[in-house]
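# Tertiary structure, described
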Amino acid sequence: MGTHQVLDGRKIAERIKQTLLKEETAVLRAHPQLRVLYFDTTASQVYWQAQRVAAAALEIGTGVDKSGRESYKTGSVSCPWNIPQPEVERIIQWWNDDPSVHGIFVHQPMPVQIDAQRVSALIDPRKDVEGIHPANCARRFFAKARIGSCTALAVMELIESTGVALEGKEAVVVGHSEIVGRPVSMLLLDKLATTTICHVGTDRAGRLESHVRQADVLVVAVGKPQLIKGSWIKSGAIVIDVGINVVNKRVVGDVEFDEALKRAAYISPVPGGVGPVTVMMVMKNTVEAFKWQRR
Ligand code: NAP
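Just so it is clear, the structure is predicted and the values come from calculations on it, not from any experiment.

### Description of the overall build of the protein
Per the secondary structure count, the protein includes 12 helices and 11 strands. A compact globule built from 295 residues would reach a C-alpha radius of gyration of about 19 Å, and the protein, at 19 Å, matches this within 12%. Contacts spanning at least 24 positions in sequence make up 69% of the contacts within the protein whose residues lie at least 6 apart. On the protein, roughly 14,200 Å² of surface is accessible, and the fraction owed to carbon and sulfur atoms is 54%. In the protein, the 36 positive side-chain charges and the 31 negative ones have mean positions that sit 2 Å from each other.

### Here we look at the sheet that holds strand β11 (residues 266-267)
Pairing is parallel across the open sheet formed by 6 strands, whose spatial order is β1-β11-β8-β7-β5-β6. If you trace the sheet from one side to the other, it starts and ends with β1 (5-6) and β6 (194-198), each paired once. One ladder, built from 2 bridges, connects strand β8 (residues 238-241) with β11; its direction is parallel. Bridge pairing in β11 links Ile238 to Tyr266. Sheet contacts for helix α8 (residues 181-190): β5 (170-174), β6 and β7 (217-220); angle to β5, the most-contacted strand, approximately 170°.

### Some thoughts on the site of the ligand
Surveying the vicinity of the ligand reveals 21 residues, the closest of which are His176, Ser177, Asp203, Ile244 and Thr278. Between a nitrogen atom of the ligand and a side-chain N or O atom of Asp203, the distance comes to 2.7 Å. Ile244 has a polar backbone atom sitting 3.0 Å from an oxygen atom of the ligand. At the level of secondary structure, the elements contributing two or more residues to the shell around the ligand comprise α9 (200-204) and α12 (274-294). For the shell around the ligand, the leading source of residues is α12, giving 3 residues. Each residue belonging to the shell around the ligand can be placed in one class, and the counts come to 10 nonpolar, 9 polar and 2 charged.

### Details of helix α3 (residues 42-58)
Helical periodicity: at 3.6 residues per turn, an α-helix aligns residues three or four positions apart in one direction. For α3, spanning 17 residues, the distance from its first C-alpha to its last is 25 Å, which sits close to the expected 24 Å at 1.5 Å a residue. Immediately downstream of α3, the backbone of Glu59 shows phi near 60°, a positive value.

The rules behind each value
Residues numbered from 1 in each chain as written. Predicted model: local features only at pLDDT ≥ 70, side-chain atom pairs only at ≥ 80, totals over all residues. Heavy atoms only, no water. Helix = DSSP H or I, 4+ residues; strand = E, 2+ residues; numbered from the N terminus. Rg over C-alpha atoms; globule rule 2.2 N^0.38 Å. Contact = heavy atoms within 4.5 Å. Areas by Shrake-Rupley, 256 points an atom, 1.4 Å probe, with all protein chains shown as cover. Lys, Arg positive; Asp, Glu negative; His and termini not counted. Charge placed at Lys NZ, Arg CZ, Asp CG, Glu CD. Pairing = 2+ DSSP bridges. Axes fitted to C-alpha atoms, helices over the stretch in contact; angles between N-to-C directions. Near = heavy atom within 4 Å. Polar contact = N/O pair within 3.5 Å; in protein donor to acceptor, adjacent residues only side chain to side chain. Nonpolar A, V, L, I, M, F, W, Y, C, P; charged D, E, K, R; others polar. Expected span 1.5 Å × (residues − 1).

Here is the structure:
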């Protein structure tokens, strides 16, 4: 019997935090300022709370005072789900123009009336701590990104924590979104993994199972509980489950965890896997953004 190890995202996030505290003392002493535009939804509030706690631990400012008072002119803000496009653009422009702001993060998914691509293109690329500006996407394409998608970077941290070399491995990514599936595919490619991207068309063609069965490394980022059956997992695979779904008031991923654990060598749980590492990657990118602007 080989290993069947559950990857502890909280422990990995703590290690990244300790490294930042040790290696980026000068930057953290200057208190980089992160501005987050989040939405009035449960998911967005939960993510923002986690970001706020991580920022406070590193003394990265979020511009919200102890009373929780919020104004975009001085800090991060919660926005109603029906916020109009010009209002979002006004906030981002304010943060772009404010030299004391170093990182800008807009929560996704954005409401339907918001043109997410326009928003991405508006953020100053050097303040874009989610790596969604077209210039940062292009840099990722050429493997020269200074700031990348926080979730994709978190996925790579979890994979790298296993110590398994990726060169020549069959990597399968399920989901091709702009903030997870596509960037993680590029990062796997950079490591010389043979990378296959599966999506809704793969599933409709009835080919999802056969691709998943080939995967030495499987990354799933869809948002459909139990989409990936445990019995599909290749023996000894690394399985990274990015999905977040609420089923019967419990948070679960996209992979049938218990069954998959019996076959995988390493698997990330939900919750406690990708999530905490992603939050810490926002902080790491904020430090990087600060250095980029001070260059
Ligand atoms: P998204 O933008 O909705 O993308 C989902 C992707 O899955 C799309 O590419 C979609 O393809 C594809 N898809 C839909 N049905 C499919 C199927 N049956 N088979 C294969 N692919 C299918 O979502 P996202 O932002 O990438 O997030 C994905 C999941 O990860 C969500 O549950 C989200 O909450 C979670 N998430 C977690 C973290 C974290 O830090 N833990 C961070 C970000 C996101 P089409 O577009 O062609 O339909």
